[in-house]
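One-letter residues, chain by chain:
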Amino acid sequence: MCPIHIEPTSARRQRQYASMHNLAIMALLLDEEENSDRVASKKRSIWVHDILKKRKIDGEYVTLCKMLEDPEEKFFKYFRMTRFQFNVLFLKIGKKEKLAVCLRFLGTGDSYQTIAFSFRLGHSTVQSIVLEVCSAIIFMLKDEYIPIPGEEDWKRIAEEFWEIWNFPNCIGALDGKHIVIEAPPNSGSLYFNYKKTFSIVLLALVDAQYKFVAVDIGAYCKNSDGGIFSNSNLGKALEKNKLNIPNEQYLPRPQVREDQNKRKFNDRLSRARKVVEDAFGQQAAKFRIYCRRLNALLKNADTIVMTTCILHIYIKEDATDVHSREVSSSSSLPAGLITSLNGQGGSAQPEAFENRVKFKKNFCSPAGKLPWE
């Protein structure tokens, strides 16, 4: 009979613990393997359409954009700017293909989906690219192209309005443009306008060269023009005297009777007033997104609109002669600026009528009369 060996209790427990430890390790390894299989399965489940796989071969940036390197005219029509301007912009913000995608979206007015098909990109990818590039343009160029004007800037603007449009002491033409958008969620009738569409307002002050001096974007379109201006950053800054506007000075002394024909005043005012409308027209001609309903969240719509305002000035910097006007050299610029008006919105203030009479007298005086009048 073989002797029976009884193992000590401590040794038995150690073997049990070791066995349990090994089982635990095996369970962890098996669980990790299962997780890896699930992750691999998820990765394998991501499906990319064959069209998107050929972006670097058949995409519009690789095919058509590369062919536009030589014909400057075609390049300008495609990107709404010269090749030199495009390259400078590219050096400022980087990402050449993304810049091309964004400019085509702004310039054509096509939907994100249409741009996505052309460049062989996903719909959401195009939307992300547009917002990314627009934000970069605003960050890099806004302070350079829409800075806060100084006193000398206002004087220069007033001089140009007199020389080009024959309207003295004018520091800018002001107007608002309704930009049609998709109905914002949970906004009620705040953005519902008199044309039975939803829109935000682009309020802009424009100089004599059709360039934006100051812009305010996103006001409720249901508000009146006076209400929009008084609630805008521009209106608030003007009221608080934070715009560096020169001190008030008088118009040239009138030398005519009070009953002079008012037609001259209306003609001059219309010419100066039309500048801001023409600026909006030029902007819409460059960027066709203004010809369709903008499908974007409110904050994204503000970003897109601000980008077009900056690019409008950026493009015009090297093309000011395109829309130049014959400069009248018959008389010099009257010193100073228009007397400030108290109050905004509602009925016209008495000061407004008084200033209108002053301008009317000036336009009929030797100092303000034009050679052909």
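Preceding block: the structure.
No experiment lies behind these values; they were computed from the predicted model shown.

Enquirer: What's the story with the overall build of the protein chain in this structure? I'm lost.
Expert: Along the protein chain, the regular secondary structure elements total 15 helices and three strands. Per-residue burial for the protein chain yields a buried fraction of 39% across its 373 residues. When contacts within the protein chain are restricted to residue pairs at least 6 apart in sequence, long-range pairs at least 24 apart make up 70% of them.

Enquirer: What is the right way to read unusual backbone geometry from this model?
Expert: Positive phi is not limited to glycine here, since Arg80 has a value of about 65 degrees. On the secondary structure map, Arg80 appears in the loop between α5 (72–79) and α6 (83–93). According to the relative accessible area criterion, Arg80 is buried, its value standing at 18%. Unlike most non-glycine residues, Lys95 shows phi in positive territory, near 60 degrees. Along the chain, Lys95 turns up in the loop between α6 and α7 (96–108).

Enquirer: Would you take a moment to explain α6 for this structure?
Expert: Helical geometry: 3.6 residues make up each α-helical turn, so side chains three or four residues apart lie on a common side. Along α6, the positions that sit buried rather than exposed are Arg83, Gln85, Phe86, Leu89 and Ile93. Relative to the axis of α6, the buried residues are bounded by an arc of 160 degrees and lie together on one face. In α6, the exposed positions that point more than 90 degrees away from the buried face belong to Phe84 and Leu91. Of the surrounding secondary structure, the elements contacted by the buried residues of α6 are α5, α7, α9 (123–145) and α14 (298–316). Gly94 occupies a position one or two residues after α6 and carries a positive phi of about 75 degrees.

Enquirer: Teacher, can you tell me more about the layout of surface pockets here?
Expert: Gaps left between atoms show up when a probe the size of a water molecule is rolled over them. Quantified by volume, the second largest pocket comes out at close to 390 Å³. Considering the residues around the second largest pocket, the lining is formed by 18 residues, among which Ile146, Ile148, Ala214, Val215 and Asn233 are closest to the centre. Every element with two or more residues in the lining of the second largest pocket is listed here: α9, β3 (212–220) and α12 (233–239). For the lining of the second largest pocket, the leading source of residues is β3, giving five residues. Its residues assigned to classes, the lining of the second largest pocket shows 13 nonpolar, one polar and four charged.

Enquirer: Would you take a moment to explain the packing of aromatic side chains for this structure?
Expert: Overall, the coordinates contain eight aromatic pairs when judged by the stated rule. Ring centres of Phe105 and Tyr112 lie 4.6 Å apart, and the angle between their planes is 5 degrees; on these two criteria the pair is classed as stacked. When its relative accessible area of 8% is taken as the criterion, Tyr112 is described as buried. Here the aromatic rings of Trp165 and Tyr210 are separated by 6.2 Å at their centres, their planes lie at 80 degrees, and the arrangement is edge-to-face. Taken together, the residues Trp165 in helix α10 (residues 151–165) and Tyr210 in the loop between β2 (199–206) and β3 connect sequence positions 45 residues apart. Judged on exposure class, the residue Trp165 and its partner Tyr210 are both buried. Grouping aromatic residues by their ring pairs yields a cluster made of Phe75, Tyr78, Phe79 and Phe86. A cation over an aromatic ring shows up here: Lys96 above the ring of Phe90, its NZ or CZ 5.4 Å from the ring centre.

What counts and how
- Residues numbered from 1 in each chain as written.
- Predicted model: local features only at pLDDT ≥ 70, side-chain atom pairs only at ≥ 80, totals over all residues.
- Heavy atoms only, no water.
- Helix = DSSP H or I, 4+ residues; strand = E, 2+ residues; numbered from the N terminus.
- Buried < 20%, exposed > 50% of the residue type's maximum accessible area, 1.4 Å probe, protein only.
- Contact = heavy atoms within 4.5 Å.
- Arc of directions from axis to C-beta.
- 1 Å grid on protein atoms, 1.4 Å probe; cavity = no way out; pocket = protein on both sides within 12 Å on 5 of 7 lines; lining within 4 Å.
- Points joined across faces, edges and corners; volume = space filled by probe spheres on them.
- Nonpolar A, V, L, I, M, F, W, Y, C, P; charged D, E, K, R; others polar.
- Phe/Tyr/Trp six-rings, centres within 6.5 Å; stacked < 30°, edge-to-face > 60°.
- Lys NZ or Arg CZ within 6 Å of the ring centre and 35° of its normal.

Take it as geometry only, folks, not as evidence of what the structure does.
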